[in-house]
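# What the coordinates show
Residues per chain are reported as follows:
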Amino acid sequence: MNCNSKQKKERVELQTPKSNVSELNGVWGLNNYFDNILADKQIAKYRLQPPTWFAILLEIKNDSLKSYGSIIELNYKLNYNSDTLAVFNSFGGKYALFKEKDKLLLTQFPNQERIDSTKYVFGKRNDLKSLLENQDRVHKISSSITNYFNENLIAGTYANLKSSTNVIFEKNGKLKNFKDFDKYEVRNYFGTSHPHKNMDVVTLVNSMSKERKQFNWKFENEELILTEFVRDNKTDYFLLGNNKIVLKLKNH
């Protein structure tokens, strides 16, 4: 093969992956996080997956990638001339990002200190674009994720089985007919301080008095079971108390 034809072949091989650039543009959501949380109605369990700390959402613009996690955000240049689009070297070890059909896959490199054999899948999610709007100063998507799970996990009308009243958790975080509380928010487990021993938490708020109460929330069939947390003064962690409220879901 002469030099000219060899150079031409190399140029074609390098340029071919560029055809994927435009189709990757957009917002990608970590299916192992969003799908599992909505299916199982649990947040705390799935926030332990290492990529959630740095890559819950990916935003791709041409050759630029920005990842948003529960602890940090990262910026990378995508390498379209390789099967591996980017390499994340962060919490949980070293991970490779690559494309497979209409998905993006994230897998851990071998021989890492903490072995993670899970294959993480990102799907293109136009419905999640709004989560990148109105970003927080720290943990950029924290408020958006809280609002998302308020709406998609908790929001609904419930019958209080003790008081025979309807309790309404509105999609916008407002709360009606629940004693003196008028707001609620689920704990999204962003940051690094987690004194609830990895149990799911919803905080009820009285916006006038600023009183706040924290409950463990759990769904069993069509019932939302709230168990109030009490602080363990010896360890400063929270434990489950005896105050339990059962709410029967009427509509979501």
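Provided above is the structure to which this section pertains.
This report concerns the structure included in the present document. (Residues numbered from 1 in each chain as written. Predicted model: local features only at pLDDT ≥ 70, side-chain atom pairs only at ≥ 80, totals over all residues. Heavy atoms only, no water.)

### Concerning the nonpolar core
Judged by nonpolar contacts, the single largest core of 59 residues is most densely connected at Phe-34, Leu-57, Phe-149, Phe-169 and Trp-217. With sequence-adjacent residues up to four places away left out, Phe-149 is seen in contact with Tyr-33, Phe-34, Ile-37, Leu-38, Ile-43, Ile-154 and Val-186. Judged by nonpolar contacts, the second largest core, of 5 residues, contains Ala-44, Tyr-189, Val-201 and Phe-238. (Core = buried A, V, L, I, M, F, W, Y, C linked by side-chain atoms within 4.5 Å. Buried < 20%, exposed > 50% of the residue type's maximum accessible area, 1.4 Å probe, protein only. Contact = heavy atoms within 4.5 Å.)

### Description of helix H4 (residues 142-154)
A rise of 1.5 Å per residue sets the reference length of H4, with its 13 residues, at 18 Å; its end C-alpha atoms lie 17 Å apart and thus fit the reference within 8%. Regarding H4, the residues found buried are Ser-142, Ser-144, Ile-145, Thr-146, Tyr-148, Phe-149, Asn-150, Leu-153 and Ile-154. Remark: Gly-156 follows H4 within two positions and exhibits a positive phi of approximately 160 degrees. (Helix = DSSP H or I, 4+ residues; strand = E, 2+ residues; numbered from the N terminus. Expected span 1.5 Å × (residues − 1).)

### A look at the sheet that holds strand E3 (residues 64-68)
On the basis of which strands lie adjacent, the open sheet formed by 8 strands has the order E4-E3-E2-E1-E8-E7-E6-E5 and antiparallel pairing. Strands at the two margins of the open sheet, each flanked by one partner only, are strand E4 (73-77) and strand E5 (84-90). When the angles between neighbouring strand axes are averaged without regard to direction, this sheet yields 25 degrees. Where E3 meets E4, 5 bridges bridge the pair, whose relative direction is antiparallel. Bridged to Lys-66 within E4 is Asn-75. The strands touched by helix H3 (residues 31-40) within the sheet are strand E1 (26-30), strand E2 (57-61), strand E7 (103-108) and strand E8 (120-124), with E1 carrying the most contacts at an inclination of about 60 degrees. (Pairing = 2+ DSSP bridges. Axes fitted to C-alpha atoms, helices over the stretch in contact; angles between N-to-C directions.)

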